[in-house]
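# Understanding the architecture of this molecule
Spelled out from the first residue to the last, the chains are:
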Amino acid sequence: MRNRDFTLYWAGVVLSQIGTRGTVAANFYQVYQLTGSVAYTGLVGAAQAVALLVLSPLGGALADRLDRRRLLQVAQAVALLVAVALSWLTLIGEAEAWHVVISVVLTTAAATFDQPARQALIPALVPKNQIGQAVALLNPSRELAVLVGPLLSGVLISLAGPGLMYVIDAVTYAVLVGVLATLRISKLESAAERRSILGSIAEGAKYIAHRPLIYNLMLLDLSATVFSAYRVLLPALALDVLHVGATGYGVLSGAPSAGALIATYAVFRTVQRSQRQGRVLLVSTVLYGISAILLAHSPGFLLAVLAALLLGAFDAMATTIRHAAVQIDTPDEIRGRVTAFYQMSSRGGPAIGDVVVGAVAGAIGPVAALTIGGLGPMVVAGWSWLRGGVVRSYTGLVKADGERVAESFDENPEEKRRSTPGT
């Protein structure tokens, strides 16, 4: 927080994410209000997934070819215009469900260019040995937004309908565009500018294919988000298993984000000081799976809330270490493309998981589905621990001059050679 530019950026991102999360909640509400169809409402999530998976590689390529601050400003400006248009249609009473779905596609499309640039901008704001700490501060802002955004949306909808939430969202986009204009960031000169777009995307994919640390982190991420997509099961658990009604569902939905916020200090200290971050990551992933199983089999509401708090805490620890590791292990000139591909697992995984786990739950019930799902990340993390390698031996430490500390506890010389940048 001593870095002026990072502090301004962090504040702008927090505000923007609150607006975004509030708008997503308003989108679901408005579509259901207009159609009365759960299936049609599901198109909101489907629209997010399609735009994300199709456009992410292109967003990463542009993040490495263009000025990242300008790209981020343009993406935010596009989302601002979409929010203004949807708020206008809603406030005059002309909005239809398809308008909302199209707005989700456009906003998510803008976000696919926004997110790689947003993540890749962090190393330009802080010294490389503070990247892990910066990510540890930014990740809780997402959880804060998950808590505050929908709450704000509910209040505004009760006052004046979804249109007021969209107006506030437009204002938050404008604030971040203004904040970005004040940052002092040098323009990236990238070799990607001399290649075609497809060539740049292929180079990013090739880099990941030759980085065991990164593609193993992606595998861990997918094991948690696809197999243990618990959020899609919370309504059924709250209403049909625990019988706690809508209020209980609201508490249960907010508990994982609350757990992540409570764990913020522990997460920050871990990425700042621990020399065994790979082991912490694997243990956190196993405990995440155990927490999911505990949630599925909780006999009472209080134990279910505790399990959900633990889910959020262990997810925050694992997510922060994974995201920081990707940023640290990636050269600046290819960072946008690598971040974009990683985004396809970190953000696309939950969308796929909702479909997979929802389908399984429809066949065998939510308790059995989440029990099986909790075993997924446990098996992948356990296999990674037993085989050793770059994930278990990852330290996460970076010297003050920006060089990654390659020394680890149990990797063999060949693995160490492959996992050290520049070799």
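Just so you know, these numbers come straight off a predicted model, no measurement behind them. (Residues numbered from 1 in each chain as written. Predicted model: local features only at pLDDT ≥ 70, side-chain atom pairs only at ≥ 80, totals over all residues. Heavy atoms only, no water.)

Turning our attention to the overall build of the chain. The helix and strand tally for the chain stands at 17 helices and zero strands. The proportion of buried residues among the 423 residues of the chain is 54%. Of all intrachain contacts in the chain linking residues separated by at least 6 positions in sequence, the fraction that spans at least 24 positions is 82%. (Helix = DSSP H or I, 4+ residues; strand = E, 2+ residues; numbered from the N terminus. Buried < 20%, exposed > 50% of the residue type's maximum accessible area, 1.4 Å probe, protein only. Contact = heavy atoms within 4.5 Å.)

Moving on, we come to unusual backbone geometry. Although it is not a glycine, His 243 adopts a positive phi angle of roughly 55°. Among the residues examined, His 243 registers a relative accessible area of 60% and is labelled exposed.

Moving on to the pattern of salt bridges. Tallying each qualifying case throughout the model produces two salt bridges. Put simply, Asp 5 and Arg 4 hold a salt bridge, and the shortest N to O gap is 2.4 Å. The exposure class assigned to Arg 4 is partly exposed, which follows from its relative accessible area of 37%. When the shortest N-O distance is used, the salt bridge between Arg 322 and Asp 221 registers 3.5 Å. Pair noted here: Arg 322 is in helix α13 (residues 301–328) and Asp 221 is in helix α8 (residues 212–227), with a separation of 101 residues, a long-range link. Both residues of the pair, Arg 322 and Asp 221, belong to the buried class. (Salt bridge = Lys/Arg side-chain N within 4 Å of Asp/Glu carboxyl O.)

On inspection of all chains with the given rule, the structure shows zero aromatic pairs. Above the face of the Trp 385 ring, Arg 392 is positioned so that its terminal group lies 5.7 Å from the ring centre. (Phe/Tyr/Trp six-rings, centres within 6.5 Å; stacked < 30°, edge-to-face > 60°. Lys NZ or Arg CZ within 6 Å of the ring centre and 35° of its normal.)

Mapped onto the fold, Ser 298 is located in the loop between α12 (277–296) and α13. Classification of Ser 298 by relative accessible area gives buried; the value is 6%. Setting aside its immediate chain neighbours within four residues, Ser 298 contacts Leu 242, Leu 303, Ala 304 and Ala 307.

To continue, consider the packing of helix α3 (residues 68–91) against helix α6 (residues 162–182). Angle between the axes and distance between the axes are the two parameters that describe a pair of packed helices. Running from amino to carboxyl end, α3 crosses α6 at an angle of 160°, the nearest separation of the two axes being 8 Å. Judged by the angle between their axes, α3 and α6 are roughly antiparallel. Seen along the crossing, α3 lies across α6 with a hand that is left-handed. For the contact of α3 with α6, the residue count by class is 19 nonpolar, six polar and two charged. (Axes fitted to C-alpha atoms, helices over the stretch in contact; angles between N-to-C directions. Parallel < 35°, antiparallel > 145°, perpendicular 65-115°, else oblique. Left-handed = near helix turned anticlockwise from the far one by under 90°. Nonpolar A, V, L, I, M, F, W, Y, C, P; charged D, E, K, R; others polar.)

For α3, which comprises 24 residues, the first-to-last C-alpha distance of 34 Å matches the rise-based estimate of 34 Å (1.5 Å per residue) to within 8%. Residue Gly 93 follows α3 closely and has a positive phi angle near 80°. (Expected span 1.5 Å × (residues − 1).)

To continue, consider a nonpolar patch on the surface. On the surface, a nonpolar cluster with roughly 550 Å² of combined accessible area is contributed by Leu 53, Ile 352, Val 355, Val 356, Val 360, Ile 364 and Ile 372. Counting residues per element, the nonpolar patch draws most heavily on helix α15 (residues 348–364), which supplies five residues. Mapped onto the elements of the fold, Ile 364 is located in helix α15. (Patch = residues over 30% accessible without salt bridge, like charges linked within 9 Å, V, L, I, M, F, W, Y side chains within 5 Å. Areas by Shrake-Rupley, 256 points an atom, 1.4 Å probe, with all protein chains shown as cover.)

This part covers the side chain of Thr 371. If you trace the backbone, Thr 371 turns up in helix α16 (residues 366–387). Polar side-chain contacts of Thr 371 include one of 2.7 Å to the side chain of His 297. Once you skip the residues sitting within four places of it in the chain, Thr 371 turns out to touch Ile 293, Ala 296 and His 297. (Polar contact = N/O pair within 3.5 Å; in protein donor to acceptor, adjacent residues only side chain to side chain.)

It is worth spelling out the packing of helix α7 (residues 197–209) against α8 at this point. Two elements in contact, α7 and α8, have axes whose closest approach is 6 Å; the angle formed by their N-to-C orientations is 90°. What the angle tells us is that α7 and α8 run roughly perpendicular. From α7, Tyr 207, Ile 208 and Ala 209 reach across to α8, where they touch Ile 214, Tyr 215 and Met 218.

Over its twelve residues, helix α14 (residues 335–346) extends 16 Å from the first C-alpha to the last, a length consistent with the 16 Å expected when each residue adds 1.5 Å. Extensive coverage of α14 is indicated by the burial of eleven of its twelve residues. Arg 335, Gly 336, Arg 337, Val 338, Thr 339, Ala 340, Phe 341, Tyr 342, Gln 343, Ser 345 and Ser 346 are the residues of α14 that are buried.

Right, let's talk about the environment of Arg 142 for a bit. The residue Arg 142 is located in helix α5 (residues 131–160) in this model. Considered as a pair, Arg 142 and Gln 17 are 125 residues apart in the sequence and their alpha carbons are 6.7 Å apart. Sequence-distant contacts of Arg 142, defined by excluding residues within four places in its chain, comprise Gln 17, Arg 21, Asp 315 and Thr 319.

Turning next to the environment of Leu 15. For Leu 15, the position within the fold is in helix α1 (residues 4–35). When the C-alpha atoms of Leu 15 and Ser 141 are compared, they prove to be 8.9 Å apart, with 126 residues separating the residues in sequence. Setting aside anything within four residues of it in sequence, one finds Leu 15 in contact with Thr 172 and Val 175.

This next bit is on the confidence of the model for the chain. Across the chain, the average pLDDT comes to 79, with 85% of residues at or above 70. In the model, residues 405–423 has pLDDT below 50 throughout and makes 35 contacts with residues more than four positions away in sequence or in other chains. (pLDDT = per-residue confidence, 0-100.)

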